[in-house]
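Letter by letter, the chains look like this.
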Amino acid sequence: MKRAQTRSRTTRSRSPFRALVATLAMLASSLFVVTLGATPAHADGCYTWGRSLSSGSTGADVQQLQIRVAGWHGSSATFAIDGSFGPATTTAVTNFQRAYGLTPDGIAGPATFAKIYALQDDDCSTAHFDWSEVDGGCGAGGYSGGTVSATTVKENLKRAMWRAEALRQRLGNKPLRVTSGFRSVSCDKAVGGSGSGYHTYGMALDLVGFSGSPSFCQIASAARYTSFGTILGPGYPGHNDHAHVDIANRKFWSASSCGI
Ligand code: ZN
């Protein structure tokens with residue numbers, strides 16, 4: 001310590017630039033020590049939490065957490081993303097922790113956030129789903145021309161991707177592919193839709209496995225535990241070659257060939 005101080009004093013007299021660098025380094029290290037006491041700082045490109053969250057917490061950071069754990073609420077079609085950390089959020093956080101090998105205490109602290117950071121990309125897509133596979137269908141790309149604004153479409157797609165991420169994990173971390181996500185009104189009509197369905201809100205994803213694994217029925221079955229409002233699969237008209245899931249606030253599950 002003494003030697004380091006002596007050396008930096010020597011360099012300061014020799015080079016103002018070096019002295020500045022040394023000062024900045026010292027400043028940086030003291031900042032590092034200060035932040036260690038609080039929740040560890042994490043520079044995430046999408047969203048960073050600044051405090052631990054648990055039952056009774058409220059705020060925008062709770063809402064951001066809820067978006068990411070919504071798929072772990074259990075066998076229920078609806079999960080409120082309302083910024084209020086209640087019993088349902090505790091259940092979702094606990095199941096999320098259990099699914100990823102963390103201590104299942106229902107409290108979102110550094111370990112839980114670290115896992116979420118690992119699962120989200122800087123562009124706010126999830127680790128295993130990309131914007132390029134959920135954006136405008138019919139070759140259009142983008143998020144405009146739907147039933148709601150492009151901003152709302154993108155937010156809905158983000159929420160759907162997080163539930164798909166949970167679905168993928170629940171299926172044993174098996175890759176899933178999105179064959180259709182957001183569709184503009186005209187695109188939806190062009191592919192035989194009504195032009196006003198949940199795909200035009202960015203709320204729906206059509207999913208398939210790779211080389212038939214997981215099967216459409218396995219996807220539809222597991223989707224019952226990942227907070228999807230609508231689940232349509234084999235046996236439902238027009239759904240013998242994919243599983244449709246969406247985040248509508250309802251429970252409408254139909255895949256008669258799968259016993260759903
Ligand atoms: Zn669909």
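Above: the structure in question.
These notes cover the structure that comes with them. Residue indices follow the written sequence of each chain, beginning from 1 at its first position. Given that the model is predicted, a residue must reach a pLDDT of at least 70 before its local features are reported, and side-chain atom pairs must reach 80 or more before they are shown or counted; all residues, however, enter totals for whole chains, interfaces and linings. Only hydrogens and water are removed before side-chain values are computed, so all heavy atoms of the structure are retained for them.

## Digging into the overall build of the chain
Moving on, step 1. Within the chain, the secondary structure is distributed over nine helices and five strands.
Moving on, step 2. The classification of residues rests on relative accessible area computed with a 1.4 Å probe and restricted to protein chains. Under 20% of the type maximum is buried, over 50% is exposed, and intermediate values are partly exposed. Residue burial in the chain is summarised as follows: out of 260 residues, 44% are buried.
Moving on, step 3. For this analysis, residues touch if any pair of their heavy atoms sits within 4.5 Å. For the chain, contacts bridging at least 24 residues in sequence account for 58% of all contacts bridging at least 6.
Moving on, step 4. Here, Shrake-Rupley sampling with a 1.4 Å probe gives the accessible areas, and only protein chains in the shown set may cover a residue. Carbon together with sulfur atoms contributes 55% to the accessible area of the chain, which is approximately 12,600 Å² in total. Helix and strand assignments follow DSSP, with helices taken as H or I runs no shorter than four residues and strands as E runs no shorter than two, numbered in order from the N terminus.

## Remarks on the pattern of salt bridges
Moving on, step 1. For this document, the term salt bridge refers to a Lys or Arg side-chain nitrogen within 4 Å of an Asp or Glu carboxyl oxygen. In total, this model carries five salt bridges according to the counting rule given.
Moving on, step 2. Here E155 makes a salt bridge to K158, at a shortest N to O gap of 3.5 Å. With E155 and K158 both in helix α7 (residues 150-170) and three residues apart, this pair spans about one turn of that helix.
Moving on, step 3. E155 is the partner of R159 in a salt bridge, and the nearest nitrogen-oxygen pair spans 2.9 Å. Here E155 and R159 lie together in helix α7, a separation of four residues that amounts to about one turn.
Moving on, step 4. Overlapping salt bridges, with partners in common, bring together E155, K158 and R159 in one network.

## As for the environment of L176
Moving on, step 1. Mapped onto the fold, L176 is located in the loop between α7 and β1 (177-180).
Moving on, step 2. Given the relative accessible area of 5%, L176 is considered buried.
Moving on, step 3. Separated by 30 residues in the primary sequence, L176 and D206 place their C-alpha atoms 9.9 Å from one another.
Moving on, step 4. If we ignore the near neighbours within four places in the chain, the residues touching L176 are F129, A164, L167, R168, L171, L207, V208, G209, F210, P214 and I219.

## Description of the state of the cysteines
Moving on, step 1. Cysteine sulfur pairs qualify as disulfides if the two atoms are within 2.5 Å. Summed over the entire model, instances satisfying the criterion amount to three disulfides.
Moving on, step 2. Residue pairing for C138: its cysteine sulfur links by disulfide to C187, the two sulfurs lying 2.0 Å apart. Judged by the torsion about the S-S bond (80°), the C138/C187 disulfide is right-handed. Of the two residues, C138 sits in the loop between α6 (131-134) and α7 while C187 sits in helix α8 (residues 185-190), which places them 49 residues apart along the sequence.
Moving on, step 3. A residue is classified by how much of its surface remains accessible, and C138, at 52% relative accessible area, is exposed.
Moving on, step 4. Among the residues examined, C187 registers a relative accessible area of 4% and is labelled buried.
Moving on, step 5. Shown here is the disulfide that connects C217 with C258, its sulfur atoms set 2.0 Å apart. The disulfide joining C217 to C258 has a torsion of about -75° about its S-S bond and is therefore left-handed. Remark: C258 occurs in the segment after β5 (252-254) and C217 occurs in helix α9 (residues 216-223); sequence separation between them is 41 residues.

Remember, this is a structural readout, not a statement about activity or role.
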